[in-house]
Amino acid sequence: MDSFLITDKDLFVKTYQDFLDAISEMENVDVFYDKTDVTKLWLNFVGALIYNLDFTFLDANLSEYELEDINQVDRYIPIEVSKKFFFTKWDDLIERLKNSSSKITLFTSGTTGQPKRVIHSIQTLMRQVRIDSRFVNSKWGFTYSPTHIAGIQLFLQAFSNMNPIVDLFEKNKDYVLLTLLKTQLTHISGTPTFYRLLMPCNVELPSVIRVTIGGEKSNYLLVNSLSTVFPNARINNVYASTEAGSLFSSSSNGFNIPEIFKDLIKIEDNEIILHNSIIGGIGFNEEWFQTGDLIKWINEKEGLFEIISRKNEMINVGGNKVNPIEIEDIILKFENVKNVLVYGRPNAVLGQILVADIVLLSTQITFDEKKLKKYLNDKLQPFKIPRKIYYKENIEVGKTGKIKRI
Amino acid sequence: MNKKEKLLKIINELVSSKHPNLIIPNFNDNYDLRKDLGLDSFDLAELTVNIEDEFNIDVFENGIIGTTNEIIEKLVI
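Residues numbered from 1 in each chain as written. Chains lettered and ligands numbered in written order. Predicted model: local features only at pLDDT ≥ 70, side-chain atom pairs only at ≥ 80, totals over all residues. Heavy atoms only, no water.

A. Structural context of the environment of Ser362(A). Residue and element names in this part refer to chain A. Structurally, Ser362 can be placed in the loop between strand 21 (351-360) and helix 11 (369-379). When the C-alpha positions of Ser362 and Lys338 are compared, they lie 8.4 Å apart, and in sequence the two are 24 residues distant. A distance of 3.0 Å separates a polar side-chain atom of Ser362 from the backbone nitrogen of Gln364. (Helix = DSSP H or I, 4+ residues; strand = E, 2+ residues; numbered from the N terminus. Polar contact = N/O pair within 3.5 Å; in protein donor to acceptor, adjacent residues only side chain to side chain.)

B. Expanded view of the nonpolar core. Ile331(A), Ile358(A) and Ile71(B) are the most contacted members of the largest nonpolar core, which totals 58 residues. Discounting residues that sit within four places of it in the chain, Ile358(A) has contacts with Ile331(A), Val337(A), Asn339(A), Val340(A), Phe367(A), Leu372(A), Ile389(A), Tyr390(A), Tyr391(A) and Lys392(A). Within the second largest apolar cluster, 52 residues are counted, among which are Trp42(A), Tyr51(A), Phe55(A) and Phe57(A). (Core = buried A, V, L, I, M, F, W, Y, C linked by side-chain atoms within 4.5 Å. Buried < 20%, exposed > 50% of the residue type's maximum accessible area, 1.4 Å probe, protein only. Contact = heavy atoms within 4.5 Å.)

C. Region of interest: the sheet that holds strand 3 (residues 32-33) of chain A. All names here are of chain A. Taken in spatial order, the 4 strands of this open sheet run 3-4-6-7, and their pairing is mixed. In this open sheet, the two strands that pair with only one neighbour each are strand 3 and strand 7 (116-121). Of the pairings in the sheet, the one linking strand 6 (residues 103-108) to strand 7 comprises 6 bridges and is antiparallel in character. When the sheet's bridge partners are listed, Thr105 is paired in strand 7 with Ile119. On top of the sheet, helix 2 (residues 38-50) reaches strand 3, strand 4 (55-57) and strand 6; it is set at about 150° to strand 4, its chief contact. (Pairing = 2+ DSSP bridges. Axes fitted to C-alpha atoms, helices over the stretch in contact; angles between N-to-C directions.)

D. Representation of the pairing of strand 15 (residues 271-275) of chain A within the structure. Residue and element names in this part refer to chain A. Among the 5 residues of strand 15, 5 are classified as buried, and the element is accordingly described as predominantly covered. Neither face of strand 15 is exposed, since Glu271, Ile273 and His275 on one face and Ile272 and Leu274 on the opposite face are all buried. For strand 14 (residues 265-268) and strand 15, the ladder comprises 4 bridges, and the chain directions are antiparallel. Within the sheet, the bridge partner assigned to Lys266 lies in strand 15 and is Ile273. Here strand 14 folds back onto strand 15, and the loop between the two strands holds 2 residues, one of which, Asp269, carries a positive phi near 50°.

Everything listed is a geometric property; what it means functionally is a separate question.
This is the structure in structure tokens:
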């Protein structure tokens, strides 16, 4: 059988046959996964689906502070499984997954400051998965975090078609380009930040037929550079969210709501609103879900729009959503900080970089910025830490009395 | 402090915060920001902001650049 995962790490599961063998030998399932071993993560995820066990994805680099609000009962309880499953045909395994009743929990940045729980069924996660003979020879570049929705959906797409997955997550430019050439990859999906870090790029990668850009706003400059590197690829922007997964795509910045979603996605006050039947809305009781993503009409008659910003104050840092209020709360607890404002500043590498304006309690004391960075490092994932600090005399307050973030 | 010395200071401050024993003495050699200096995407983003604050030029505006020589070229210093 074909390779399952192509990576620079040593693997005990190299092929899809190894994967099937490991499933049939499974004695227990880790239903709460927060480690970095991606093979074990996927094995346990698929195992949980087969046994109809609920499964939780969590970033491996979350700190205890960030985990504080997550129920300890959820944490690491391997579940023993006695009945064995032997799948002789791949289709049987996929059919079993598709009908699983497992609830799948992911976390995203919440508006209140603590990670927000989003509970999916496998049916919503696999809604966009295409199982088709067209994908027989596909090889997928895996650039997303395996615990985030884009990574989970990409895994399910590749896995369902038994396609090799090429691990490119957090790899450097030389490794990525060399691996793309060596493996003759056909499909790659990543954030604008991932692609920007491949530039400038003098190689051509003709084997790639599909390039997908998602997670942040893309731009023409990037798409132009990508069409030179991937001359045979169709380049698509995709709109997705943790709540709904991938929803629609387009070869330009303009999106249309696809026909199948015409009654389930609407635009109200320039905001994208989703019906609860298409989101991972287990436990979500409202009929409609407000995404907070704001659009601008390109051609309202034809239903063509582009996504311009967010209604709430989330900042997108290289494809990761950051809630500035969460960061401000933590910085305020640090010694000699009187007031703080965290915001995003446009940046050519990450799209936006996190910046903090700090007002000190006393300017007589030397502020230890290194100590602050270390304090934040202990409490937050790296992308949530402001990379630039400016010292201010005061922080401007807008007409509404709220701090002006932009 | 001339412009090259200012740039050297900006780069060394960032590099030494990650790798305390690593310092580049001057720009006689060309350093790859990622391979030689071990900077990741967040560091590169921080570097662009620090350079922009000092020189008013976004060196990465037209695409990511890879080496210290390329920064010097962009800044024309």
